[in-house]
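Below, each chain spelled out in residue letters.
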Amino acid sequence: MIRLQSQLFTDLEKGGPNAVLKSLQDALRLEHATLPLYLCTFYSLDRTKNSAITNIIWSVIMEEMLHMALVCNIINALNGTPRINDPDLVPQYPGPLPGGVASDLRVHLAPYSADQLAAFLHIEQPEHPLDFRVAAAAARPQTIGLFYREIEKQIVALGDGAFVNPPRNQIGSDVITNAVTVTNVQTASQAIDLIVEQGEGTETEPGEVVGGDIAHYYRFMQIKKGKTLQPNPDAPPDAPPDQKFIYSGAPIKLDASGVFQAPRDPKAADYPPGSPPRAAMDDFNATYSNLLNLLQQAFTGAPDLLQFGGAAIDAMTELNGKARALMKTAAPGGGVLGPSFEYLPAKTA
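Residues numbered from 1 in each chain as written. Predicted model: local features only at pLDDT ≥ 70, side-chain atom pairs only at ≥ 80, totals over all residues. Heavy atoms only, no water.

## Quick notes on the overall build of the chain
Counting secondary structure elements, the chain contains 9 helices and 2 strands. When the helices and strands of the chain are listed from N to C terminus, the series reads α-α-α-α-α-α-α-β-β-α-α. Put simply, the chain has 349 residues, and 54% of those count as buried. Put simply, the chain shows about 15500 Å² of open surface, and 52% of that area lies on carbon and sulfur atoms. (Helix = DSSP H or I, 4+ residues; strand = E, 2+ residues; numbered from the N terminus. Buried < 20%, exposed > 50% of the residue type's maximum accessible area, 1.4 Å probe, protein only. Areas by Shrake-Rupley, 256 points an atom, 1.4 Å probe, with all protein chains shown as cover.)

Here is the structure:
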């Protein structure tokens, strides 16, 4: 479970537009920081040998992208500007998660492993996880979900008058499925509900309120348990929440031969300038940097970049191809290359 520094809550509880916008930017940094983690592990898996695991990780990645869009929508609706490609705010690896996480968890760009899966579960774990079985007085933790709920509370206090009219720089459901156009307190709360419940579920159900899947924590837990989560056919109507479901569905097995042996926390600087490995790493990072620049534009007034055939979507496709190529390129000393997700700021004249 990720615990946030109490100072984040103290600052937010002071209220006001500036406190809310700062907290939303912290939330945006957290959402952004999970994506390279999940993507690196996703790319390390052979999709034909480990399709069940890759499908689970990809489904979470897609919803983390949605969460980024939702946070950007709220920031824009409150007359702020989301910062995605600010070199000081782009996530760095290895290291702690950004945004005031009070935890000894250090996250790494790494191929799939039991340790990497444990880190994902740590990130996504809700305040009160439901401990479903497998077939065969402490202080209240200040979690990411509670942080979002405190943001929601302060937005309610601001009232509808804090929202710009007409709406600005919104990404709607016509661009990203399930995106919420934020125009007032009610729609901001709707967006926050979606973020929290997709990540953590509710205190009584593992499922999402929007969408037909289960929350991220329970999706990852299926990999650990080795079976999909299903309604428990033997549970009586009055069964407690943690007995209504059971990991008893289709098996989810890891084929270790389908994990590419990429290095942990690779860096372009690991390879000599001018060498083929360095050129491939630099090329990937240039594409990643271009994608962040395009996302900055998309979330600040150019939503067409995220439409089918838009430049941001094309950059995502290009990044995918280059990451997979790295995972198939032999590295000096053994193993393969891996994506390092290093942002390269544009050079000024």
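## Some points on unusual backbone geometry
Here the residue pair Tyr93 and Pro94 is connected by a cis peptide bond, since its omega of -5° sits within 30 degrees of zero. Looking at where Pro94 falls in the secondary structure, it is placed in the loop between helix 3 (51–77) and helix 4 (114–124). Omega for the peptide link from Asn165 to Pro166 comes to 10°, which places this bond in the cis form. Its location among the elements puts Pro166 in the loop between helix 5 (144–158) and helix 6 (185–200). In the Ramachandran plot, Asn178 falls in the positive-phi region, its phi being about 75° despite a non-glycine side chain. Tracing the chain through its elements places Asn178 in the loop between helix 5 and helix 6. Under the relative-accessibility criterion, Asn178 is labelled partly exposed at 32%.

## Observations concerning the side chain of Ser44
If you trace the backbone, Ser44 turns up in the loop between helix 2 (17–43) and helix 3. Residue class for Ser44 comes out buried when judged on its relative accessible area of 0%. A polar atom in the side chain of Ser44 sits 2.7 Å from the backbone oxygen of Thr41. A distance of 2.9 Å separates the side chain of Ser44 from the backbone nitrogen of Tyr112, its partner in a polar contact. (Polar contact = N/O pair within 3.5 Å; in protein donor to acceptor, adjacent residues only side chain to side chain.)

## Observations regarding the packing of aromatic side chains
What characterises a pair of aromatic rings is the spacing of the ring centres plus the angle enclosed by the ring planes. Applying the stated criterion across every chain, the model contains 9 aromatic pairs. On the numbers, 5.1 Å between centres and 90° between planes, the contact of Tyr288 with Phe341 is edge-to-face. Here Phe341 lies in the segment after helix 9 (311–326) and Tyr288 lies in helix 8 (residues 276–298), a separation of 53 residues in the sequence. Judged by relative accessible area, which is 3%, Phe341 ranks as buried. A connected cluster of aromatic rings, assembled from ring pairs, spans Tyr38, Phe120 and Phe220. (Phe/Tyr/Trp six-rings, centres within 6.5 Å; stacked < 30°, edge-to-face > 60°.)

## Some remarks on the packing of helix 3 against helix 7 (residues 216–225)
Relative to each other, helix 3 and helix 7 sit at 165°, their axes nearing to 10 Å. Taken together, the axes of helix 3 and helix 7 lie roughly antiparallel to each other. Crossing of helix 3 against helix 7: the hand is left-handed. Note on element contacts: helix 7 touches helix 3 through His216, Arg219, Phe220, Gln222 and Ile223, opposite Ile53, Ile56, Ile57, Ser59, Val60, Glu63, Glu64 and His67. The residue inventory of the contact of helix 3 with helix 7, partitioned by class, reads 6 nonpolar, 4 polar and 3 charged. (Axes fitted to C-alpha atoms, helices over the stretch in contact; angles between N-to-C directions. Parallel < 35°, antiparallel > 145°, perpendicular 65-115°, else oblique. Left-handed = near helix turned anticlockwise from the far one by under 90°. Contact = heavy atoms within 4.5 Å. Nonpolar A, V, L, I, M, F, W, Y, C, P; charged D, E, K, R; others polar.)

## Here we look at the pattern of salt bridges
Overall, the coordinates contain 11 salt bridges when judged by the stated rule. Across the salt bridge formed by Arg149 and Asp193, the nearest N and O atoms sit 2.5 Å from each other. One end of the pair, Arg149, is in helix 5; the other, Asp193, is in helix 6, and 44 residues separate them in sequence. On the accessibility criterion, Arg149 (28% relative accessible area) is partly exposed. With a closest N to O distance of 3.1 Å, Lys322 and Asp283 form a salt bridge. One end of the pair, Lys322, is in helix 9; the other, Asp283, is in helix 8, and 39 residues separate them in sequence. Looking at Asp283, the relative accessible area reads 37%, which means it is partly exposed. Salt bridges here are not isolated pairs; linked through shared partners, they connect Arg149, Glu152, Asp193 and Glu197. (Salt bridge = Lys/Arg side-chain N within 4 Å of Asp/Glu carboxyl O.)

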